[in-house]
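Residue-level listing of the chains:
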Amino acid sequence: MKIAVVGATGATGRRVVQHALAQGHFVTAVARHPERLSSGERLSIVCGDVLSPEGLTGAFDGVEAVISCIGPEKNLSPGTLMSAGVTSILTEVKRAKVRRFVLQSGIGLSDGYELSRLNRFVVRVSGRIFAAAVADKAAAERMTQKMDMEWVIVRPVVLADKPAKGRYTAGPLARVAPLVPLSFDDCADCLLRAATNEPNWTGKIVNVGS
Ligand SMILES: NC(=O)c1ccc[n+]([C@@H]2O[C@H](COP(=O)([O-])OP(=O)(O)OC[C@H]3O[C@@H](n4cnc5c(N)ncnc54)[C@H](OP(=O)(O)O)[C@@H]3O)[C@@H](O)[C@H]2O)c1
């Protein structure tokens, strides 16, 4: 498949690019600092800032699925990167007639009902601490859900730079533990599955964790 990854220099995004290439896909890596990426077979690197008007024009031409791995530098003062950035991405997704869009969001957006009582409490407390980040991501999720196309919203638990287990829990309303770290690689695998291989996840919010 032809897949574009936005936020391709990030901790998750660069792993999504690596996994997609390893699986034989053609990948367009979109980054505002493309010099941080190394070139490779079946890889196109495109310079794009999701906050600059026209910053993504043409980036998704011929692409079948776009995965957004963008994120703010600081969760306590996130600005409007997610809502504004996803607006730009979806505008270009629509123009380029991309079939499927996958948004990396976060378990903090859950209302907690699918989780254990303790974890519901954890999500509610963290939602208060990171209220601005949650509000910005919620706007991005709402925009995604309104799109007349195939979409999947993936909500990972806390992520960590540790070896992939290859076994994790993922699915709509999956009962995950928000504070038990999942490896970035396992999260990348889940995002790629959402883009390429999971028709039952279409139009759903998928939790991923341990
Ligand atoms: N890390 C976690 O524990 C965790 C857990 C759950 C959910 N999440 C969410 O998952 C997403 C990805 O997380 P992460 O830890 O992989 O994030 P990250 O390492 O901070 O990467 C964020 C990516 O977004 C890019 N970006 C930021 N502003 C941009 C702009 N204006 N235009 C284009 N690209 C821009 C960054 O590019 P530069 O390299 O140029 O800065 C980077 O590639 C975020 O939304 C995060 O909140 C993270």
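Analysis parameters
Residues numbered from 1 in each chain as written. Predicted model: local features only at pLDDT ≥ 70, side-chain atom pairs only at ≥ 80, totals over all residues. Heavy atoms only, no water. Salt bridge = Lys/Arg side-chain N within 4 Å of Asp/Glu carboxyl O. Helix = DSSP H or I, 4+ residues; strand = E, 2+ residues; numbered from the N terminus. Buried < 20%, exposed > 50% of the residue type's maximum accessible area, 1.4 Å probe, protein only. Expected span 1.5 Å × (residues − 1). Near = heavy atom within 4 Å. Polar contact = N/O pair within 3.5 Å; in protein donor to acceptor, adjacent residues only side chain to side chain. Areas by Shrake-Rupley, 256 points an atom, 1.4 Å probe, with all protein chains shown as cover. Nonpolar A, V, L, I, M, F, W, Y, C, P; charged D, E, K, R; others polar. Pairing = 2+ DSSP bridges. Axes fitted to C-alpha atoms, helices over the stretch in contact; angles between N-to-C directions. Contact = heavy atoms within 4.5 Å.

Chemist: Could you clarify how one ought to interpret the pattern of salt bridges in this entry?
Modeler: A side chain with one charge may pair with a side chain of the opposite charge, provided their charged atoms come close. Applying the stated criterion across every chain yields a total of 9 salt bridges. Here aspartate 61 and arginine 95 are joined by a salt bridge, their closest N and O atoms 2.6 Å apart. Taken together, the residues span a long stretch of sequence, with aspartate 61 in the loop between strand 3 (43–47) and strand 4 (65–68) and arginine 95 in helix 2 (residues 81–95) at a distance of 34 residues. Given the relative accessible area of 44%, arginine 95 is considered partly exposed. Salt-bridge contacts for arginine 95 lead to glutamate 92; the nearest nitrogen and oxygen are separated by 2.8 Å. In this pair, arginine 95 and glutamate 92 are both assigned in helix 2, 3 residues apart and thus about one turn of the helix distant. Residue glutamate 92 is classed as buried on the basis of its relative accessible area of 5%. Among the charged side chains, a network of salt bridges with common partners joins Arg15, Asp161 and Asp185.

Chemist: Looking at this model, I keep getting lost on helix 5 (residues 184–196). Mind explaining?
Modeler: The α-helix winds at 3.6 residues per turn, so residues separated by three or four positions along the chain end up facing the same way. With 13 residues, helix 5 should cover 18 Å at 1.5 Å per step; its first-to-last C-alpha distance of 18 Å lies within 8% of that length. Phe184, Asp186, Cys187, Ala188, Cys190, Leu191, Leu192, Ala194 and Ala195 are the residues of helix 5 that are buried.

Chemist: Could you clarify how one ought to interpret the site of the ligand in this entry?
Modeler: Taken together, the neighbourhood of the ligand is formed by 26 residues, with Thr9, Thr12, Asp49, Ile70 and Lys137 sitting nearest. Within the contact set of the ligand, an oxygen atom lies 3.3 Å away from a backbone nitrogen or oxygen of glycine 7. Valine 50 has a polar backbone atom sitting 2.9 Å from a nitrogen atom of the ligand. When the ligand is considered free in solution it has 910 Å² of accessible area, and contact with the protein chains removes 82% of it. When the residues that make up the shell around the ligand are grouped by side-chain class, the tally is 12 nonpolar, 10 polar and 4 charged.

Chemist: Explain the sheet that holds strand 1 (residues 2–6) here, please?
Modeler: Within a sheet, neighbouring strands are paired by backbone hydrogen bonds and run either parallel or antiparallel to one another. Across the sheet, which stays open at both edges, the 8 strands sit in the order 3-2-1-4-5-6-10-8 with mixed pairing between neighbours. Since the sheet does not close on itself, it has two edges, and those belong to strand 3 and strand 8 (169–172), each with one partner. In this sheet, neighbouring strand axes are inclined to one another by 20 degrees on average, regardless of whether the strands run parallel or antiparallel. In terms of strand pairing, strand 1 meets strand 4 through 4 bridges, oriented parallel. Considered in strand 4, the bridge of valine 5 is made with isoleucine 67. Along the sheet face, helix 2 touches strand 1, strand 4 and strand 5 (100–104) and points at about 170 degrees away from the line of strand 5. Of the strands in this sheet, strand 5, strand 6 (150–156) and strand 10 (204–209) are in contact with helix 4 (residues 131–146), which crosses strand 6 at around 155 degrees.

Chemist: Explain the environment of valine 17 to me, please; I cannot follow it from the model alone.
Modeler: If you trace the backbone, valine 17 turns up in helix 1 (residues 13–22). Other than its neighbours up to four places away in sequence, valine 17 contacts Val5, Ala8, Val27, Ala29 and Leu43.

Chemist: Help me understand the pairing of strand 4, please; the structure alone is not making it clear to me.
Modeler: Residues in a regular strand point their side chains to alternate faces of the sheet. Because side chains alternate across strand 4, one face comprises the buried residues Ala65 and Ile67, and the other comprises Val66 and Ser68, equally buried. Here strand 4 pairs with strand 5 via 4 bridges, running parallel. Paired with serine 68 across the strands is leucine 103, a residue of strand 5.

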